[in-house]
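# Survey of secondary and tertiary structure
Given next are the chains, with one letter for each unit.
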Amino acid sequence: MLILHCPYCGRDVDETDLHPGGEAHLKRVGPDADAEAFEQYLFMRENPKGVHFERWRHAYGCGKWFLAARNTATLQVYGTYSAQTTEPPHDIMNAIKEAQA
Amino acid sequence: MKRYSAFAVAREAFRQHTGWTRAWGRAEPKARYDVIVVGAGGHGLATAYYLGKNFGITNVAVIEKGWLGGGNTGRNTTIIRSNYLQDPSAAIYEKSRSLYETMSQDLNYNVMFSPRGVMMLAQTQHEIRGYQRTAHANSLQGVTTEFITPERVKELCPIMNIDGPRYPVLGALWQARGGTARHDAVAWGYARACSDMGMDIIQQCEVTGVQTSDGRVTGVTTTRGDIQCDKLAMVVAGHASVLAQKAGFQLPIESVALQALVSEPIKPCMDVVVMANTVHGYLSQSDKGEMVIGGGTDGYNNYTQRGSFHHIEETVRALVETFPIVGRLKMLRQWGGIVDVTGDRSPILSKTPVDGIFVNCGWGTGGFKAIPGSGWAMAELVAKGHSPLTEEFSMFRFRQGKFIDESVAAGVAH
Ligand SMILES: Cc1cc2nc3c(=O)[nH]c(=O)nc-3n(C[C@H](O)[C@H](O)[C@H](O)COP(=O)(O)OP(=O)(O)OC[C@H]3O[C@@H](n4cnc5c(N)ncnc54)[C@H](O)[C@@H]3O)c2cc1C
Ligand SMILES: [Zn+2]
């Protein structure tokens, strides 16, 4: 079972208490954006075989959204972090680099 | 190719079975092909087969990184039906189902198509309305389905408990000519027929790059060298995004794990296929006697062909109320496949931003049933540049808002 650390509760949480929310760091587009921008925002996904930044919600806990860096080819979790960020923080990027070295 | 027949079986019985030949040849890659199909799953092999059969294009290679049929084609629960809601879906799925009816004769290969009937249970008021609507849509589309009563459900499937306390069976959408087929045989039958037409099926060969020049495909890089081609058909299911990226474009696809399991074999107790979408489970009995059980997908992106155990638990827990008999069974095996899911739960059969590259993917949790129809349509698309069956399934439909919404028909994985 996948276990993720909820950065709000500070607890390790079982997958059954979590709700997956797909790709993280998507840029929401405004009402006057063109069709292509909406397509990007709503449907196009990186879907990498490798490092994936993604949203999770601690559904049966604090109820808050947080973000995780996980490898879709190995299921390794590099770390979790606050959803109030526009890009993965340094310590997460370092953890990924270290794991891949 | 030596034809299979009752006579051939008798003949071989008299000479210690020494006369059987290889079903398909072992091929070395040539320098150039008219068409390269990437992915020797059912859809890729069927595409190659109909390129040869319907369009006389036989300078074709099917390139497979593993072994043929080792992807989702060899991992699915083999449900075949065509009771979808939208017209474009009905057209391609019913074409496919009807091709299954004659596939064994057409390929001279027994694919064990068993039109035993498929029912989708209505266990809430919402589902009754949904399936009645589908039955009406199907009758306009010329797809034979009907909405049946709980009594008829019980008659067709006596092991079912129709008045379960939580989710009683309120009726079902019944397709009498739906059913199952032997998944491996579908891949093997097409492979044998393709090989017989002179096509190369190249296994243990991964496509690692796509070569283009002036916006047009010129060939592929593989683990066994470069191969040139005029046209490239990408038919790699769960790896569609990975391959598209190598050609420089993105797809509206997410890859997730879908699991299934079988029980220990038991005596025949069920001769229909039952799907229970509200509780997310479905069930049929294989020819060997195993109860074949499947459920919903995992929620997160995954390429490992391994899912989370709690999904298996949920699926079985859901089925126990409606099929009390499964509560006493032992699980024999469990496995997973990586399915390619789109936003509207409909497939993509499409031209791409690169000239000469065509993509067939997005069949997600329900593409086994579509193998012959998809191959038929994809071959036409590759050969002619357009096909009436693929028109609505363009990868650009999301930009245009022209969804083919099958989230009800495909609400549960099958
Ligand atoms: C558990 C489970 C149950 C299912 N149940 C049903 C069901 O009951 N009914 C139904 O209709 N559908 C069902 N499906 C869905 C169905 O299995 C798939 O939609 C269908 O088999 C897809 O076929 P395909 O040929 O597109 O893909 P695959 O059979 O996966 O073939 C794609 C091939 O491409 C190869 N490949 C990938 N990348 C490369 C590369 N770079 N180079 C070379 N080769 C590559 C792979 O190795 C693979 O063999 C189920 C799926 C699963 C996982
Ligand atoms: Zn929490």
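In short, a report on the structure. (Residues numbered from 1 in each chain as written. Chains lettered and ligands numbered in written order. Predicted model: local features only at pLDDT ≥ 70, side-chain atom pairs only at ≥ 80, totals over all residues. Heavy atoms only, no water.)

It is worth spelling out the coordination of the zinc ion (ligand 2) at this point. Residue and element names in this part refer to chain A. Each protein donor to the zinc ion (ligand 2) is listed here as C6 (SG), C9 (SG), H58 (ND1) and C62 (SG); together their distances run 2.0 to 2.3 Å. In this structure, the zinc ion (ligand 2) is surrounded by four donor atoms whose angles at the metal cover 102 to 114°, and the resulting shape is tetrahedral. Mapped onto the sequence, the donors of the zinc ion (ligand 2) take the spacing C-x2-C-x48-H-x3-C. Of this pair, C9 sits in the loop between β1 (3-6) and β2 (11-14) while C62 sits in the loop between β4 (51-57) and β5 (65-71); the two residues are 53 residues apart in sequence, bridging distant segments of the chain. A relative accessible area of 32% means that C9 is categorised as partly exposed. The class for C62 is partly exposed, based on a relative accessible area of 31%. (Donors = N, O, S within 2.8 Å, 3.2 Å for Na, K, Ca; no water. Tetrahedral: all angles 85-135°; square planar, octahedral: opposite > 155°, others 65-115°. Helix = DSSP H or I, 4+ residues; strand = E, 2+ residues; numbered from the N terminus. Buried < 20%, exposed > 50% of the residue type's maximum accessible area, 1.4 Å probe, protein only.)

Residue and element names in this part refer to chain B. Pairing within the open sheet is mixed, and its eight strands lie in the order β5-β6-β4-β13-β14-β15-β12-β16. Sheet topology places β5 (146-148) and β16 (331-342) at the edges, where each strand pairs with a single neighbour. Pairs of neighbouring strands in the sheet enclose a mean axial angle of 25°, with direction left out of account. In terms of strand pairing, strand β12 (residues 253-263) meets β16 through 11 bridges, oriented antiparallel. Across the sheet, V256 pairs through a bridge with V339, a residue of β16. Packed on one face of the sheet, helix α4 (residues 125-141) meets β4 (118-122), β5 and β6 (171-175) and runs near 140° to β4. (Pairing = 2+ DSSP bridges. Axes fitted to C-alpha atoms, helices over the stretch in contact; angles between N-to-C directions. Contact = heavy atoms within 4.5 Å.)

Residues and elements named next belong to chain B. Close contact between helix α3 (residues 87-107) and helix α9 (residues 371-384) brings their axes to 6 Å; oriented N to C, the two are set at 110°. Relative to α9, α3 is oriented roughly perpendicular. Where α3 crosses over α9, the two elements pack in a sense that is right-handed. Contacts between α3 and α9 involve I92, K95, S96, L99, Y100 and M103 from the former and I371, P372, G373, S374, W376 and A377 from the latter. When the residues that make up the contact of α3 with α9 are grouped by side-chain class, the tally is eight nonpolar, three polar and one charged. (Parallel < 35°, antiparallel > 145°, perpendicular 65-115°, else oblique. Left-handed = near helix turned anticlockwise from the far one by under 90°. Nonpolar A, V, L, I, M, F, W, Y, C, P; charged D, E, K, R; others polar.)

All names here are of chain A. You can see M93 is positioned in helix α2 (residues 90-100). As for M93 and M1, which are separated by 92 residues in sequence, their C-alpha atoms are 24 Å apart. If we ignore the near neighbours within four places in the chain, the residues touching M93 are F53 and P88.

A few words on empty space enclosed by the protein. Residue and element names in this part refer to chain B. Taken as a whole and judged by the stated rule, the model has three cavities of 30 Å³ or more. Taken together, the elements giving at least two residues each to the lining of the largest cavity come down to β12, β15 (291-301) and α8 (309-322). A breakdown of the residues in the lining of the largest cavity according to their chemical character gives two nonpolar, five polar and one charged. (1 Å grid on protein atoms, 1.4 Å probe; cavity = no way out; pocket = protein on both sides within 12 Å on 5 of 7 lines; lining within 4 Å. Points joined across faces, edges and corners; volume = space filled by probe spheres on them.)

Across the contact, 24 residues belong to chain B and 23 residues belong to chain A. Contact between chain B and chain A buries roughly 2100 Å² in total, counting both sides, with carbon and sulfur atoms accounting for 55%. When residues of chain B are sorted by the area they lose upon contact with chain A, Q250, Y300 and R399 of chain B head the list and together hold 31% of the total. In this assembly, chain B and chain A are joined by one salt bridge. Run the count over chain B and chain A and you get 13 residue pairs in polar contact (both at pLDDT 80 or more). Where the side of chain B that touches chain A is concerned, the elements lending two or more residues are α7 (240-246), β12, β15 and α10 (397-400) of chain B. Tallied by class, residues from the side of chain B that touches chain A come to nine nonpolar, 11 polar and four charged. (Buried area = accessible area lost by both parts, 1.4 Å probe. Salt bridge = Lys/Arg side-chain N within 4 Å of Asp/Glu carboxyl O. Polar contact = N/O pair within 3.5 Å; in protein donor to acceptor, adjacent residues only side chain to side chain.)

Moving on, we get to the packing of helix α2 (residues 42-55) of chain B against helix α6 (residues 183-196) of chain B. Residues and elements named next belong to chain B. Viewed as axis vectors pointing N to C, α2 and α6 meet at an angle of 35°, and their least axial separation amounts to 9 Å. By crossing handedness, the relation of α2 to α6 is classed as left-handed. Side by side, α2 and α6 meet where L45, A46, A48, Y49 and Y50 of the first sit next to A187, Y190, A191, A193 and C194 of the second. Tallied by class, the residues present in the contact of α2 with α6 amount to 10 nonpolar, no polar and no charged.

For the rest of this paragraph, the subject is the pairing of strand β13 (residues 273-276) of chain B. Residues and elements named next belong to chain B. Both faces of β13 are covered, namely the face carrying V273 and M275 and the face carrying V274 and A276. The pairing of β4 with β13 spans four bridges and is classified as parallel. For L121, the partnering residue across the bridge sits in β13 and is A276. Where β13 meets strand β14 (residues 281-285), three bridges bridge the pair, whose relative direction is antiparallel. Paired with M275 across the strands is Y282, a residue of β14. In textbook terms, the turn of a hairpin is the stretch between consecutive antiparallel strands, and for β13 and β14 this stretch comprises four residues, one of which, H280, has a positive phi near 60°.

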